[in-house]
Amino acid sequence: MVGSLTRVVVKRPEEAFRSASAIDQQWRDLAYTRPPDLELAAREHQHLVSLLSAAGAEILYLPEDSRTGMDSLYAHDAVLMTNEGAIILQTGKPDRRGEGPAFADALAAWGIPVLGVIDGPSTAEAGDMVWLDEHTLLVGRGFRTNAEGIERLSDLLRPLAVCVIPVELPYWKGPGDVLHLMSFISLVDNDLAVVYRKLMPVSLFEILHQRGVQLVDVPDEEYESLGCNVLAVSPRNVIVVSGNPITRSRLEAAGCRVSQFAGNEICLPGAGGPTCLTRPLLRN
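Definitions and limits used
Residues numbered from 1 in each chain as written. Predicted model: local features only at pLDDT ≥ 70, side-chain atom pairs only at ≥ 80, totals over all residues. Heavy atoms only, no water. Helix = DSSP H or I, 4+ residues; strand = E, 2+ residues; numbered from the N terminus. Expected span 1.5 Å × (residues − 1). Buried < 20%, exposed > 50% of the residue type's maximum accessible area, 1.4 Å probe, protein only. Polar contact = N/O pair within 3.5 Å; in protein donor to acceptor, adjacent residues only side chain to side chain. Pairing = 2+ DSSP bridges. Right-handed = clockwise from strand over helix to strand, strands pointing away. Axes fitted to C-alpha atoms, helices over the stretch in contact; angles between N-to-C directions. Contact = heavy atoms within 4.5 Å. Arc of directions from axis to C-beta. Salt bridge = Lys/Arg side-chain N within 4 Å of Asp/Glu carboxyl O. Phe/Tyr/Trp six-rings, centres within 6.5 Å; stacked < 30°, edge-to-face > 60°. Lys NZ or Arg CZ within 6 Å of the ring centre and 35° of its normal.

(A) Seen up close, helix H3 (residues 38-54). Here H3 spans 24 Å end to end across 17 residues, near enough to the 24 Å set by a 1.5 Å rise per residue. Taken as a whole, H3 has its buried residues at Ala 41, Ala 42, Glu 44, His 45, Leu 48, Val 49, Leu 51 and Leu 52. The backbone nitrogen of Glu 39 lies 3.1 Å from a side-chain oxygen of the residue at the head of H3, namely Asp 37. Gly 56 lies just past H3 and shows a positive phi near 100°.

(B) Here's a closer look at the pairing of strand S14 (residues 257-261). Taken together, the five bridges between strand S13 (residues 237-241) and S14 define a ladder with parallel strand orientation. Among the inter-strand pairings, Ile 239 is bridged to a residue of S14, identified as Ser 259. Considered for its hand, the β-α-β crossover made up of S13, helix H7 (residues 245-253) and S14 is right-handed.

(C) Broad picture of the sheet that holds strand S2 (residues 58-61). Spatial ordering of the open sheet is given by S2-S1-S15, a layout of three strands whose pairing is mixed. Two strands close off the open sheet at either side, each with one partner strand: S2 and strand S15 (279-283). The mean inter-strand angle of the sheet, taken between neighbouring strand axes irrespective of direction, is 20°. Bridging between strand S1 (residues 5-10) and S2 involves four bridges; their strand directions are parallel. Within S2, the residue paired with Val 10 across the bridge is Tyr 61. Strand contacts of H3: S1 and S2, with the helix running at about 160° to S1, the strand carrying the most contacts.

(D) Structural view of helix H5 (residues 147-157). Taken residue by residue, H5 has Gly 149, Ile 150, Leu 153, Ser 154, Leu 156 and Leu 157 as its buried positions. On an axial view of H5, the arc spanned by its buried residues comes to 160°, and they lie on one face. Tucked inside the fold, the buried residues of H5 contact strand S3 (79-82), strand S4 (85-88), strand S5 (114-117), strand S6 (129-133), strand S7 (136-141) and strand S8 (163-168).

(E) Just the pattern of salt bridges, in detail. Scanning the entire structure with this criterion turns up 19 salt bridges. Linking Arg 7 and Glu 58 is a salt bridge whose minimum nitrogen-to-oxygen distance equals 3.2 Å. Taken together, the residues span a long stretch of sequence, with Arg 7 in strand S1 and Glu 58 in strand S2 at a distance of 51 residues. When its relative accessible area of 24% is taken as the criterion, Arg 7 is described as partly exposed. A salt bridge links Asp 105 to Arg 67; the nearest nitrogen and oxygen atoms lie 2.7 Å apart. Residue Asp 105 is located in helix H4 (residues 99-110), and its partner Arg 67 is located in the loop between S2 and S3; the two are separated by 38 residues in the primary sequence. Exposure remark for Asp 105: the relative accessible area of 44% places this residue in the partly exposed category. Through salt bridges with shared partners, one network takes in Asp 65, Arg 67 and Asp 105.

(F) Looking closely at the packing of aromatic side chains. Taken as a whole, this structure holds three aromatic pairs when the rule is applied. Relative to Tyr 223, the ring of Trp 172 has its centre 6.1 Å away and its plane inclined at 90°; by these criteria the two rings are edge-to-face. Taken together, the positions of Trp 172 in the loop between S8 and strand S9 (185-189) and Tyr 223 in the loop between strand S11 (214-217) and strand S12 (231-234) put the pair 51 residues apart, joining distant regions of the chain. Look at Trp 172 and you get partly exposed, because its relative accessible area is 35%. Put simply, the rings of Trp 172, Tyr 196 and Tyr 223 pair up and form one aromatic cluster. The ring of Tyr 61 has Arg 12 sitting right over it, with the charged end atom 4.1 Å from the ring centre.

The following block contains the structure:
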């Protein structure tokens with residue numbers, strides 16, 4: 001869903017990374033391409049937050065938490081929001097397992113209800129989830145979200161009249177890499193999506209085609225630089241990582257207003273763009 005974003009959660013690098021020494025201890029194990037610079041990361045994140053605020057969103061900040069590490073910068077993955085409250089997810093990446101409980105505590109402090117929890121053998125990450133409309137949720141089945149997680153999610157959402165549609169993800173670079181459903185699709189309007197078509201399963205292409213969704217293609221040379229990771233703050237009003245001029249021009253040609261920020265420290269080393277850095281709580 002791509003209604004106007006009115007409330008969103010982020011986590012600052014200062015609370016996620018904590019210190020240069022903590023970064024040095026973690027970045028290799030978390031499969032970052034290099035250690036981010038904490039000071040520069042903080043500046044980049046402040047710019048992103050300023051764009052969110054300018055779009056009219058209220059910003060909530062996740063606090064520092066000993067159960068979480070560097071990846072908690074990517075606030076999107078540990079929670080799925082519904083009209084009846086949050087679903088706390090158990091991440092497929094073992095090093096991120098503390099993020100769900102930490103997020104649950106923050107939600108309690110903010111007075112936001114919890115609808116349910118994914119736990120036990122089930123794993124699910126919100127980067128694998130795309131709302132097509134209020135009654136239809138696409139869920140990627142890959143290394144981060146397993147079949148048990150999709151089944152549990154379906155059980156929780158069925159009383160809300162939500163249909164969960166599993167989408168099989170490709171092997172791509174294997175279990176050590178991150179490939180979410182949202183790695184190759186960002187919905188930016190009800191009838192417009194940014195995609196990297198080479199990774200799209202046929203079933204997903206057919207679903208979008210049947211719904212009349214226009215596709216904005218990300219070129220090969222802008223996939224690794226997160227050209228496909230596009231955050232809609234309202235329909236066709238988007239935030240992107242700078243450095244993807246072809247994708248930006250294609251978005252603008254499709255009628256989108258595009259704002260951008262530098263993500264050399266908060267995006268590229270950990271392969272997470274503006275959708276990963278934000279957990280929308282409420283959209284109009």
